[in-house]
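Residue strings, one per chain:
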Amino acid sequence: VDAETGEGLPSATLALYAAADSAFVTGGAAGLDGAVRIDPVRAGRYIARVSFVGYAPRRRPDVVIAAGQTVDLGTVELSPDANLLGEATVEAQRE
């Protein structure tokens, strides 16, 4: 959710990485309800990264998943990142 307004961020993404070597494991995008559901993963330690365009990403560095367990990361608040929303100039040349 947006940390300032409390509004949901549909299509925010969750990426899950192996804690041992930071290898990407799986990920998914939030639905209209803000929930992200991903395919089952092996038991182990993971790093969760939640991101959305224009917002600073958030990391949860020690997510432990046991066999057969469903994990709820709770509400993850993302703050707008002014550095990511900088001005862009687009130029084109006509031939």
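Parameters and conventions
Note that residues are indexed from 1 along each chain, following the sequence as it is written. Totals for whole chains, interfaces and linings use all residues, but because this is a predicted model, local features are given only for residues with pLDDT of at least 70 and pairs of side-chain atoms are given and counted only at 80 or more. Only hydrogens and water are set aside when side-chain values are computed; all heavy atoms of the structure are taken into account. Each salt bridge in this description consists of a side-chain nitrogen of Lys or Arg and a carboxyl oxygen of Asp or Glu lying within 4 Å of one another. A 1.4 Å probe rolled over the protein chains alone gives each residue an accessible area, and that area as a share of the maximum for its type sets the label: buried under 20%, exposed over 50%, partly exposed in between. Strands here are runs of E lasting at least two residues and helices are runs of H or I lasting at least four, both read from the DSSP assignment and numbered beginning at the N terminus. The aromatic pairing rule takes the rings of Phe, Tyr and Trp, using the six-membered ring of Trp, and pairs them if the centres are within 6.5 Å, calling planes under 30 degrees apart stacked, those over 60 edge-to-face and the rest tilted. Note on pairing: two strands pair once DSSP finds at least 2 bridges between them. Helix axes are fitted only over the stretch in contact, all axes being lines through C-alpha atoms; the angle between N-to-C directions runs from 0 to 180 degrees. Whether two residues are in contact is decided by their heavy atoms, any of which lying within 4.5 Å being enough.

Comments concerning the pattern of salt bridges
Then, number 1: Tallying each qualifying case throughout the model produces two salt bridges.
Then, number 2: Across the salt bridge formed by Arg37 and Asp33, the nearest N and O atoms sit 3.6 Å from each other. In terms of burial, Arg37 and Asp33 fall into one category: exposed.

Brief notes about the environment of Thr70
Then, number 1: Looking at the element boundaries, Thr70 is found in the segment after β4 (58-65).
Then, number 2: With a relative accessible area of 74%, Thr70 lands in the exposed category.
Then, number 3: Distance from Thr70 to Arg37, taken between C-alpha atoms, is 10.0 Å for residues 33 residues apart in sequence.

Overview of the packing of aromatic side chains
Then, number 1: In the structure shown here, the tally under the stated rule is two aromatic pairs.
Then, number 2: Here the aromatic rings of Tyr17 and Phe24 are separated by 5.8 Å at their centres, their planes lie at 70°, and the arrangement is edge-to-face.

Comments concerning the sheet that holds β4
Remark on secondary structure: sheet strands pair via backbone hydrogen bonds, oriented parallel or antiparallel.
Then, number 1: Overall, antiparallel pairing links the four strands, which are arranged β2-β1-β3-β4 in an open sheet. Only two strands of the sheet have a single neighbouring strand rather than two, namely β2 (24-29) and β4. Each strand of the sheet is rotated relative to its neighbour by a mean of 25°, with strand direction disregarded.
Then, number 2: One ladder, built from six bridges, connects strand β1 (residues 13-18) with strand β3 (residues 44-51); its direction is antiparallel.

Section: the pairing of β4
Then, number 1: In the sheet, β3 pairs with β4 via six bridges, with the strands oriented antiparallel. When the bridges of β4 are listed, Ala48 appears paired with Arg60.
Then, number 2: Between the antiparallel neighbours β3 and β4 lie six residues, among them Gly54 with a positive phi of about 85°.

Thoughts on the pairing of β2
Then, number 1: In the sheet, β1 pairs with β2 via five bridges, with the strands oriented antiparallel. By the bridge assignment, Leu14 is partnered in β2 with Gly28.
Then, number 2: The hairpin formed by β1 and β2 contains five residues between the paired strands, and Ser22 there has a positive phi angle of roughly 65°.

Describing the side chain of Ser51
Then, number 1: You can see Ser51 is positioned in strand β3.
Then, number 2: With sequence-adjacent residues up to four places away left out, Ser51 is seen in contact with Ala12, Thr13, Pro57 and Leu78.

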